[in-house]
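Summary of the model geometry
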Amino acid sequence: MVINKGREAFRIYKNVFDNFTIQTILKFMSRKYIDGLIGPIMIGKEANIFLAEKGDLKVVMKIYRLQSCNFNTMYGYLKSDPRYVNLKKQRRKVIFKWVQREFRNLKKSNKIINAPKPYSFLNNVLLMEYIGDENPAPQLKDKYPKNPKKFYDEIITFAKKMYEAGLVHADLSEYNILNFNESPVFIDMSQSTSITDYLADDYLKRDINIISNFFIKNGLEVDVDASIKRISD
Ligand SMILES: Nc1ncnc2c1ncn2[C@@H]1O[C@H](COP(=O)(O)OP(=O)(O)OP(=O)(O)O)[C@@H](O)[C@H]1O
Ligand SMILES: [Mg+2]
């Protein structure tokens, strides 16, 4: 008898999802985006990150929790993005737009910097490229680069490329950058916003301060103002 691992795992983990989310995952299966689940990678603040499979390919499934995520904060972030000015303040609507925004931001960014390729989204669930080998790539906070200066410069170059494409990450940190074989990969882009957002330049400054401070704390000499200038000039 051939047992599909992914479908077995789906049965096991099904209990951790609400009914609506189960229906959404089943739609991804019937539309052949995934065959089944492998298991959890990380239980995040707002979302649970699961590994799924499609044939031999690993796929990351980011599932925003419908009940316990802070949709007031999400709404606040969305409202200043010109792409979402007309959004109504209703929990599900806000969460679904939050997922759609992450999909759009990843799609744009994946073409110009190291970022996971988004495959699809529906309701509160986003499917994207898995970054890693046998194990998921570690967060920068857990794997300091061997060549910090080169890594830091690459981060600033990525932020500049995003800016040139009209985006600011807006939640950049040692948590939301993976160190994949000594190259940075930007993740977690639901907060990323348009440079025409009236708060965009404040977010950019905050991003570069946070990530620069991480490197400074670890002993690298960094000129924060010069980095910000390099990105936005
Ligand atoms: N595409 C991916 N490939 C490998 N690992 C990933 C991927 N996406 C996320 N992860 C892992 O899961 C963790 C949490 O993901 P992410 O930062 O997107 O969610 P989060 O912090 O819970 O989101 P939010 O900040 O919106 O609440 C990441 O730090 C990373 O370790
Ligand atoms: Mg994160």
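As the structure is a prediction and not an experimental result, all values here were calculated from the model. (Residues numbered from 1 in each chain as written. Chains lettered and ligands numbered in written order. Predicted model: local features only at pLDDT ≥ 70, side-chain atom pairs only at ≥ 80, totals over all residues. Heavy atoms only, no water.)

1. Side note on the nonpolar core
Among the nonpolar cores identified, the biggest contains 53 residues, and Met 74, Leu 140, Ile 155, Ile 177, Phe 186, Ile 208 and Phe 215 are the most heavily contacted of them. The element contributing the most residues to this core is helix H5 (residues 148-164), with 8 residues. Three or more residues apiece are contributed to this core by two domains, here domain 1 (5-129) and domain 2 (140-232). Every residue in contact with Ile 208, bar those within four places of it in the chain, is listed here: Tyr 152, Ile 156, Ala 159, Val 224, Ser 227, Ile 228 and Ile 231. (Core = buried A, V, L, I, M, F, W, Y, C linked by side-chain atoms within 4.5 Å. Buried < 20%, exposed > 50% of the residue type's maximum accessible area, 1.4 Å probe, protein only. Helix = DSSP H or I, 4+ residues; strand = E, 2+ residues; numbered from the N terminus. Domains from an automatic or database assignment. Contact = heavy atoms within 4.5 Å.)

2. Observations regarding the domain arrangement of the protein chain
We note that the domain assignment places domain 1 (5-129) and domain 2 (140-232) within the protein chain. Taking only C-alpha atoms into account, the centre of domain 1 sits 23 Å from that of domain 2. Listed as interface residues are 19 residues of domain 1 and, on the opposing side, 23 residues of domain 2. Three residues stand out in domain 1 for area buried against domain 2, namely Tyr 77, Ile 113 and Asn 114, and they jointly supply 31% of the buried area on that side. The tally of links from domain 1 across to domain 2 stands at 1 salt bridge. (Buried area = accessible area lost by both parts, 1.4 Å probe. Salt bridge = Lys/Arg side-chain N within 4 Å of Asp/Glu carboxyl O.)

3. Description of the coordination of the magnesium ion (ligand 2)
Every protein donor of the magnesium ion (ligand 2) is accounted for by Asn 176 (OD1) and Asp 188 (OD), and the metal-donor separations fall at 2.1 to 2.2 Å. In this pair, Asn 176 is assigned in the loop between strand S6 (167-168) and strand S7 (177-180) and Asp 188 in the loop between strand S8 (183-186) and strand S9 (193-194), connecting sequence segments 12 residues apart. Pair check on accessibility: Asn 176 and Asp 188 agree, each one buried. (Donors = N, O, S within 2.8 Å, 3.2 Å for Na, K, Ca; no water.)

4. Notes on the site of ligand 1
Taken together, 21 residues surround ligand 1, and among them Glu 46, Lys 62, Glu 129, Gln 139 and Asp 188 come closest. Within the contact set of ligand 1, a nitrogen atom lies 3.0 Å away from a backbone nitrogen or oxygen of Ile 131. Taking Tyr 175, its main chain carries an N or O atom lying 3.5 Å from an oxygen atom of ligand 1. Contact with the protein chains hides 95% of the accessible area of ligand 1, taken as 620 Å² for the molecule alone. Residue assignment for the shell around ligand 1 shows that the elements contributing at least two residues are strand S2 (47-54), strand S3 (57-64) and strand S5 (125-129). (Near = heavy atom within 4 Å. Polar contact = N/O pair within 3.5 Å; in protein donor to acceptor, adjacent residues only side chain to side chain. Areas by Shrake-Rupley, 256 points an atom, 1.4 Å probe, with all protein chains shown as cover.)

5. Focus: the packing of H5 against helix H7 (residues 224-232)
For the pair H5 and H7, interaxial distance at closest approach is 8 Å and the crossing angle is 35 degrees. H5 and H7 meet at a crossing whose hand is right-handed. On H7, the residues touching Tyr 152, Asp 153, Ile 156, Thr 157, Ala 159, Lys 160 and Tyr 163 of H5 are Ser 227, Arg 230, Ile 231 and Ser 232. Looking at the contact of H5 with H7, its residues break down into 5 nonpolar, 3 polar and 3 charged. (Axes fitted to C-alpha atoms, helices over the stretch in contact; angles between N-to-C directions. Left-handed = near helix turned anticlockwise from the far one by under 90°. Nonpolar A, V, L, I, M, F, W, Y, C, P; charged D, E, K, R; others polar.)

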